[in-house]
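Letter by letter, the chains look like this.
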Amino acid sequence: MRRLGIALMALVIAGGAAAVFAWQQLGLAMIAPLDIDEPLELRVQGGANVNSVIEGLASDRLISGAFWPRAYVRMNPEMAQIKAGTYTIAPGTNLGELLGILVSGQADLDRVTLIEGWTAAQALEALLAHPGVVDDLDVSLQRRTDGVAYLPLAEQRRLSSALDIDAGFLEGWLFPDTYRFVDGTALSTLLTLAHERMQQQLERIWVSRADDLPLADPYALLTLASIVEKETGIESERSTIAGVFIRRLQKQMRLQTDPTVIYGIGIDYDGDIRRKDLNGDTAYNTYVIDALPPTPIALPGLASLVAVSQPKDGTVLFFVATGAGAGRHIFSTTNAEHEQAVAAFLKRAGHR
């Protein structure tokens, strides 16, 4: 009996020692800093569980192994309630602190920037390419012949209906800006935000517009601003180009602007405008139609909206690219001056 008691005591002591050892190992695993020497961006996808995150850290050798951390989570089930998102983890952070951050849901905000002059299709492409955006609209993008994203007319109408855009057309209605959002945000949420921001800016600018503009409503201002946006990226030229188009509308002259022709060509645009395109029968060919095209052709930025609402006074009716780079233009008052400027441009471009 004495020997049995001694054996049992030995087992108890050994078990206690093992428990102490396990507890020490568990503690060490949780307080050991992650093996990083610069900030780590950790993205937790929606639906991911804590064990998959731990396995990923172990696989990347950022922690020494997954066994003890998984045991810790089993003992502390509240640490399994991690939230999706993108987290920036500082050097020196240990696994226990990391799990606390993931459970808190204090994720970094994702961001995406919509650029002035992009089409709605290009904006959608950028949004859909972001891993934090969820496509709840089942968007169907195509490619033009030149490889640029293209949104068919039927898709424009479907999306505008889904977003309650009264114009019945998505183009032009998304305000170019940087949008910040949490991981897993629905595409419709971001599009609605961009649309509402454009509506707010357009309404504000329409109220403060110059007198006697030949624009029937804010949508006409939006449409013309989109053309100005495509014609120049030079800040100092915007109001001058806006003035050219305003005077041409007042004089019932055709706008004759290439970006509208390109938009009208649609999916078949291959990067070049040909003579047949300038004579083409589309609603966007401003070499043929006598007014604004039926819709915007791109996303105008704030500067272009303001330029159209407050165009520069003068007598200039024509402009053409200098051909010297930097995107600048030569402005002319008469057709004769304009033809000389065009000839100079063609000569500089190598045309005879």
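Each remark here, short or long, concerns the structure printed above.
Values in this document were obtained by computation on a predicted structure and should not be read as measured data.

Asker: Which parts of the structure should I look at to understand the overall build of the chain?
Answerer: The secondary structure content of the chain amounts to 13 helices and 10 strands. In terms of its C-alpha atoms, the chain occupies a principal-axis envelope of roughly 120 × 45 × 35 Å. The proportion of buried residues among the 352 residues of the chain is 42%. Considering only residue pairs separated by 6 or more positions, the chain has 65% of its internal contacts joining residues 24 or more positions apart. For the chain, the computed accessible surface area is about 18,600 Å², with 53% contributed by carbon and sulfur atoms. Here the chain holds 30 positive side-chain charges and 41 negative ones, and the gap between their average locations is 4 Å.

Asker: What's the story with helix H12 (residues 302-309) in this structure? I'm lost.
Answerer: Along H12, the positions that sit buried rather than exposed are Ser304, Leu305, Ala307, Val308 and Ser309. Contacts from the buried residues of H12 go to helix H7 (187-207), helix H8 (218-231) and helix H9 (238-250).

Asker: Would you mind going over the packing of aromatic side chains with me for this structure?
Answerer: For any pair of aromatic rings, the description rests on two quantities: the centre-to-centre distance and the angle between the ring planes. Taken as a whole and assessed by the stated rule, the structure comprises five aromatic pairs. Between tyrosine 263 and tyrosine 284, the aromatic rings sit 5.1 Å apart at their centres with planes inclined by 55°, giving tilted as the arrangement. A residue pair is termed long-range when its members are at least 10 positions apart, and tyrosine 263 in helix H10 (residues 258-265) and tyrosine 284 in the loop between helix H11 (275-278) and H12 qualify at 21 residues. This pair shows no difference in class: tyrosine 263 is buried, exactly as tyrosine 284 is. Aromatic side chains phenylalanine 319 and phenylalanine 331 sit 5.9 Å apart centroid to centroid with 45° between the ring planes, which places their arrangement in the tilted category. Here phenylalanine 331 lies in strand S10 (residues 329-332) and phenylalanine 319 lies in strand S9 (residues 318-321), a separation of 12 residues in the sequence. The cationic tip of arginine 209 hangs over the ring face of tryptophan 206; the distance from NZ or CZ to the ring centre is 3.7 Å.

Asker: I keep staring at the pairing of strand S2 (residues 85-89) and nothing clicks. Help me out?
Answerer: One face of the sheet, then the other: side chains in a regular strand alternate in exactly this way. For S2, a buried count of four out of five residues is recorded, marking the element as mostly surrounded by other parts of the structure. In terms of strand pairing, strand S1 (residues 40-44) meets S2 through five bridges, oriented antiparallel. By the bridge assignment, leucine 40 is partnered in S2 with isoleucine 89.

Asker: What exactly am I supposed to notice about the nonpolar core here?
Answerer: Buried together is how nonpolar side chains tend to be arranged in soluble globular proteins. Counting 57 residues, the largest nonpolar core has Leu170, Leu215 and Leu305 as its most contacted members. Of all the elements in the fold, those that place two or more residues in this core are helix H5 (120-129), strand S7 (178-181), H7, H8, H9 and H12. The residues touching leucine 215, leaving out its near neighbours within four places in the chain, are Trp206, Ala220, Leu221, Leu224, Ile246, Leu249, Leu292 and Val308.

Asker: Quick question: what am I supposed to make of the pairing of S7 here?
Answerer: Every second residue of S7 is oriented toward a common face, the buried set being Tyr179 and Phe181 and the non-buried set Thr178 and Arg180. In the sheet, strand S3 (residues 110-113) pairs with S7 via four bridges, with the strands oriented antiparallel. Looking at S7, one finds that arginine 111 is bridged to arginine 180.

Asker: Looking at this structure, how should I read unusual backbone geometry?
Answerer: Outside of glycine, negative phi angles account for most residues, and trans bonds account for most peptide bonds. With a phi angle near 60°, aspartate 164 is a residue other than glycine that sits in the positive phi range. If you trace the backbone, aspartate 164 turns up in the loop between helix H6 (153-162) and S7. The phi torsion at aspartate 212 lies on the positive side, around 65°, for a residue other than glycine. Looking at where aspartate 212 falls in the secondary structure, it is placed in the loop between H7 and H8.

Asker: Could you clarify how one ought to interpret the pattern of salt bridges in this entry?
Answerer: Pairing is possible between side chains of opposite charge, provided their charged atoms come close. Going through the model one piece at a time under the given rule, you end up with 12 salt bridges. The shortest N-O distance in the salt bridge between arginine 43 and aspartate 110 comes to 3.4 Å. Within this pair, whereas arginine 43 is found in strand S1, its partner aspartate 110 is found in strand S3, the two being separated by 67 residues in sequence. We classify arginine 43 as partly exposed; its relative accessible area is 24%. Assessed through its relative accessible area of 6%, aspartate 110 is described here as buried. Between arginine 274 and aspartate 270 there is a salt bridge whose closest N-O contact spans 3.0 Å.

Asker: Before we go on, may I ask you to explain the environment of leucine 114 in this structure?
Answerer: With respect to the helices and strands, leucine 114 occurs in the loop between S3 and H5. Taking the C-alpha atoms as reference, leucine 114 lies 22 Å from glutamate 237; in sequence the two are 123 residues apart. Sequence-distant contacts of leucine 114, defined by excluding residues within four places in its chain, comprise Ala123, Leu127, Leu174, Phe175, Pro176, Asp177, Tyr179 and Ala194.

Asker: What's the story with the side chain of histidine 338 in this structure? I'm lost.
Answerer: Within the element layout of this structure, histidine 338 appears in helix H13 (residues 335-348). We classify histidine 338 as buried; its relative accessible area is 16%. Aside from chain neighbours lying at most four places away, what touches histidine 338 is Phe318, Phe319, Val320 and Ser332.

Asker: How do you make sense of the packing of H8 against H12 when you look at a structure like this?
Answerer: Each packed pair of helices is defined by two parameters, the angle between the axes and the distance between the axes. For the pair H8 and H12, interaxial distance at closest approach is 8 Å and the crossing angle is 115°. Remark: the crossing between H8 and H12 carries right-handed chirality. Of the residues in H12, those in contact with Leu221, Leu222, Leu224, Ala225, Val228 and Glu229 of H8 are Ser304, Leu305, Val308 and Ser309. Class assignment for the residues of the contact of H8 with H12 results in seven nonpolar, two polar and one charged.

Rules used throughout
Residues numbered from 1 in each chain as written. Predicted model: local features only at pLDDT ≥ 70, side-chain atom pairs only at ≥ 80, totals over all residues. Heavy atoms only, no water. Helix = DSSP H or I, 4+ residues; strand = E, 2+ residues; numbered from the N terminus. Buried < 20%, exposed > 50% of the residue type's maximum accessible area, 1.4 Å probe, protein only. Contact = heavy atoms within 4.5 Å. Areas by Shrake-Rupley, 256 points an atom, 1.4 Å probe, with all protein chains shown as cover. Lys, Arg positive; Asp, Glu negative; His and termini not counted. Charge placed at Lys NZ, Arg CZ, Asp CG, Glu CD. Phe/Tyr/Trp six-rings, centres within 6.5 Å; stacked < 30°, edge-to-face > 60°. Lys NZ or Arg CZ within 6 Å of the ring centre and 35° of its normal. Pairing = 2+ DSSP bridges. Core = buried A, V, L, I, M, F, W, Y, C linked by side-chain atoms within 4.5 Å. Salt bridge = Lys/Arg side-chain N within 4 Å of Asp/Glu carboxyl O. Axes fitted to C-alpha atoms, helices over the stretch in contact; angles between N-to-C directions. Left-handed = near helix turned anticlockwise from the far one by under 90°. Nonpolar A, V, L, I, M, F, W, Y, C, P; charged D, E, K, R; others polar.

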